[in-house]
Amino acid sequence: MAAAFDARWDAVLGHDRSADGLFVYAVRSTGIYCRPSCPSRRPRRDRVTFFETPAGAREGGFRACQRCHPDATVTAADPWIEKIRRACVYLSNVEGHPALATLAARLGGSPYHLQRNFKRLVGVSPREYADAVRLRKVKGTLRQTGDITGAMLEAGYGSSSRFYERAVPKLGMAPSVYRRGGAGMTIGYAIVDSSNASLGRLLVAATPRGVCAVSMGSSDGELTRALSREFPAATITPDSGAITRWTRAILAHLAGRSPRLDLPLDVQATAFQWQVWQALASIPYGETRTYSEVASSIGRPKAVRAVARACATNPVALAIPCHRVVPAAGGHGGYRWGVARKKALLNSEAT
Ligand SMILES: [Zn+2]
């Protein structure tokens, strides 16, 4: 999630009075919208939508909260609140990046004070805010259509290179430029012992751009054969150098020493797989979600089976924690590397 929305969420978590009037947050499960300082119980992050104005929330079909009365005007103790709110509305609708001076001229005040007060009240700079809004539009369009080019053009990214440069690092994965079968790719791999009898041997493979496969198996032969099947046209060689760092990070993660596993990934994915994998990456260590919860969290509540398929085709075990998704009916569900391994992973994370 982009920084501007993180800052809003932080304000909600902190019941931050100084954020009142800047935005309201709406909760999908209750249909109610609130000002940031509302004393009510905090909702789950994935159920929250932010609106610049109460009117926006009403148009979105939400009702005003009876406790915090978000429609009442905030007494303007801080004259910047209204100005910055207008700046946010403007940045959400404008094409491209307006210069700070242009923005200041529209709202009144110097560029310096605008920048400073924007950061103080919103948590990020106007430019970062505009980026976050665009990224949100891209994600929204992708969610509806799965069409990357369309989403990109709609969000105002003129060329695809600019899109990848700005948006993709925030989406969390490198765009895959290679063709099917790994033609033209050079892949190095290393196999280590997972130090867990139930998991067995662990293979980590990477291109110069990032990790492209993480798998578990009972023998090294089985693991290398599977890698060759996945990338039949690639040049695959054992690697004793660069990959060591990733295997170390994974082993530390498996031993419970680092709950977050952040590896640079170089994986090929459809827009849908991408969305699912991103949702999986946000499931905290030690927690699980059901397939239908994941489907709802990406705005596709009916796509439960497609979510299960996206989990089953995850090429990077642990790095994208598909083992944290389980059936609503109970039990462990399937796992690309065997249910016994999924069970073992969930057990070790639960303790
Ligand atoms: Zn409220």
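In the block above lies the structure referred to throughout.
Just so it is clear, the structure is predicted and the values come from calculations on it, not from any experiment.

Participant: Would you mind showing me how to read the overall build of the protein chain here?
Facilitator: Across its full length, the protein chain holds 15 helices and 10 strands. Taking all 351 residues of the protein chain together, 45% fall into the buried category. Restricting the contact set of the protein chain to residue pairs at least 6 apart, pairs at least 24 apart contribute 60%. Of the roughly 17,100 Å² of accessible surface on the protein chain, a fraction of 52% belongs to carbon and sulfur atoms.

Participant: Help me understand the coordination of the zinc ion, please; the structure alone is not making it clear to me.
Facilitator: Note on metal geometry: ideal angles are 109.5 degrees for four donors arranged tetrahedrally and 90 or 180 degrees for six donors arranged octahedrally. Summarising the metal site, the zinc ion is bound by the protein donors Cys34 (SG), Cys38 (SG), Cys65 (SG) and Cys68 (SG), whose distances to it range over 2.2 to 2.4 Å. Around the zinc ion sit 4 donor atoms, and with donor-metal-donor angles ranging over 104 to 122° the site reads as tetrahedral. If you list the donors of the zinc ion from N- to C-terminus, the spacing comes out as C-x3-C-x26-C-x2-C. Residue Cys34 is located in strand β2 (residues 32-34), and its partner Cys68 is located in the loop between β4 (63-64) and α3 (80-93); the two are separated by 34 residues in the primary sequence. Comparing Cys34 with Cys68 shows no difference in burial state: the two are buried.

Participant: I keep staring at the nonpolar core and nothing clicks. Help me out?
Facilitator: Note that soluble globular proteins tend to have their nonpolar side chains buried in a common cluster. Formed by 42 residues in total, the largest nonpolar core has its most connected members in Ile250, Val276, Leu280, Val307 and Leu318. Counting only elements with at least two residues in this core, the list comes to β5 (186-193), β6 (201-207), β7 (210-217), α11 (244-254), α12 (271-281), α13 (291-297), α14 (304-312) and α15 (339-350). Looking at which element gives the most residues to this core, the answer is α12, with 5 residues. In terms of nonpolar packing, the next biggest core, distinct from the first, is built from 31 residues, Ile84, Leu103, Phe118 and Tyr129 among them.

Participant: What's the story with the packing of aromatic side chains in this structure? I'm lost.
Facilitator: The geometry of an aromatic ring pair comes down to the distance between the two centres and the angle between the two planes. Taken as a whole and assessed by the stated rule, the structure comprises 3 aromatic pairs. Aromatic side chains Tyr335 and Trp337 sit 5.3 Å apart centroid to centroid with 70° between the ring planes, which places their arrangement in the edge-to-face category. Neither residue differs from the other here; Tyr335 and Trp337 are each classed as buried.

Participant: Sorry, what's going on with the packing of helix α4 (residues 100-107) against helix α5 (residues 111-122) here?
Facilitator: Each packed pair of helices is defined by two parameters, the angle between the axes and the distance between the axes. Contact geometry for α4 and α5: axes closest at 8 Å, N-to-C directions at 90°. By the angle between their axes, α4 is roughly perpendicular relative to α5. Note on element contacts: α5 touches α4 through Pro111, Leu114 and Gln115, opposite Leu100, Ala101, Leu103, Ala104 and Leu107. Residue classes in the contact of α4 with α5 are distributed as 7 nonpolar, 1 polar and no charged.

Participant: What is the right way to read α14 from this model?
Facilitator: Of the positions making up α14, those classed as buried are Val307, Ala310 and Cys311. Take α14 and look down its axis: the buried residues cluster within an arc of 100°, on one side only. Turned more than 90 degrees away from the buried face of α14 sit Arg305 and Arg309, all of them exposed.

Participant: I would appreciate a short explanation of the packing of α3 against α4 in the present structure.
Facilitator: At a minimum axis separation of 10 Å, α3 and α4 run at an interaxial angle of 125°. Between α3 and α4, the interaxial angle falls into the category oblique. Both α3 and α4 take part in a crossing whose hand is right-handed. Here Lys83, Arg86, Ala87, Tyr90 and Leu91 of α3 lie close against α4, whose contacting residues are Leu103, Arg106 and Leu107. Among the residues forming the contact of α3 with α4, the class breakdown is 5 nonpolar, no polar and 3 charged.

Participant: Help me out: how do you make sense of the sheet that holds β6 in this one?
Facilitator: Either a parallel or an antiparallel arrangement is found when strands of a sheet pair, and the pairing is made through backbone hydrogen bonds. Taken in spatial order, the 4 strands line up as β7-β6-β5-β8 in an open sheet, and their pairing is mixed. Lying at the two open borders of the sheet, with one neighbouring strand each, are β7 and β8 (235-238). Direction aside, the axes of adjacent strands within the sheet are offset by 25° on average. As paired strands, β6 and β7 are joined by 7 bridges and run antiparallel to one another. Looking at the pairing, Arg201 lines up with Gly217 of β7.

Cut-offs and rules
- Residues numbered from 1 in each chain as written.
- Predicted model: local features only at pLDDT ≥ 70, side-chain atom pairs only at ≥ 80, totals over all residues.
- Heavy atoms only, no water.
- Helix = DSSP H or I, 4+ residues; strand = E, 2+ residues; numbered from the N terminus.
- Buried < 20%, exposed > 50% of the residue type's maximum accessible area, 1.4 Å probe, protein only.
- Contact = heavy atoms within 4.5 Å.
- Areas by Shrake-Rupley, 256 points an atom, 1.4 Å probe, with all protein chains shown as cover.
- Donors = N, O, S within 2.8 Å, 3.2 Å for Na, K, Ca; no water.
- Tetrahedral: all angles 85-135°; square planar, octahedral: opposite > 155°, others 65-115°.
- Core = buried A, V, L, I, M, F, W, Y, C linked by side-chain atoms within 4.5 Å.
- Phe/Tyr/Trp six-rings, centres within 6.5 Å; stacked < 30°, edge-to-face > 60°.
- Axes fitted to C-alpha atoms, helices over the stretch in contact; angles between N-to-C directions.
- Parallel < 35°, antiparallel > 145°, perpendicular 65-115°, else oblique.
- Nonpolar A, V, L, I, M, F, W, Y, C, P; charged D, E, K, R; others polar.
- Arc of directions from axis to C-beta.
- Left-handed = near helix turned anticlockwise from the far one by under 90°.
- Pairing = 2+ DSSP bridges.

These figures capture arrangement, not role.
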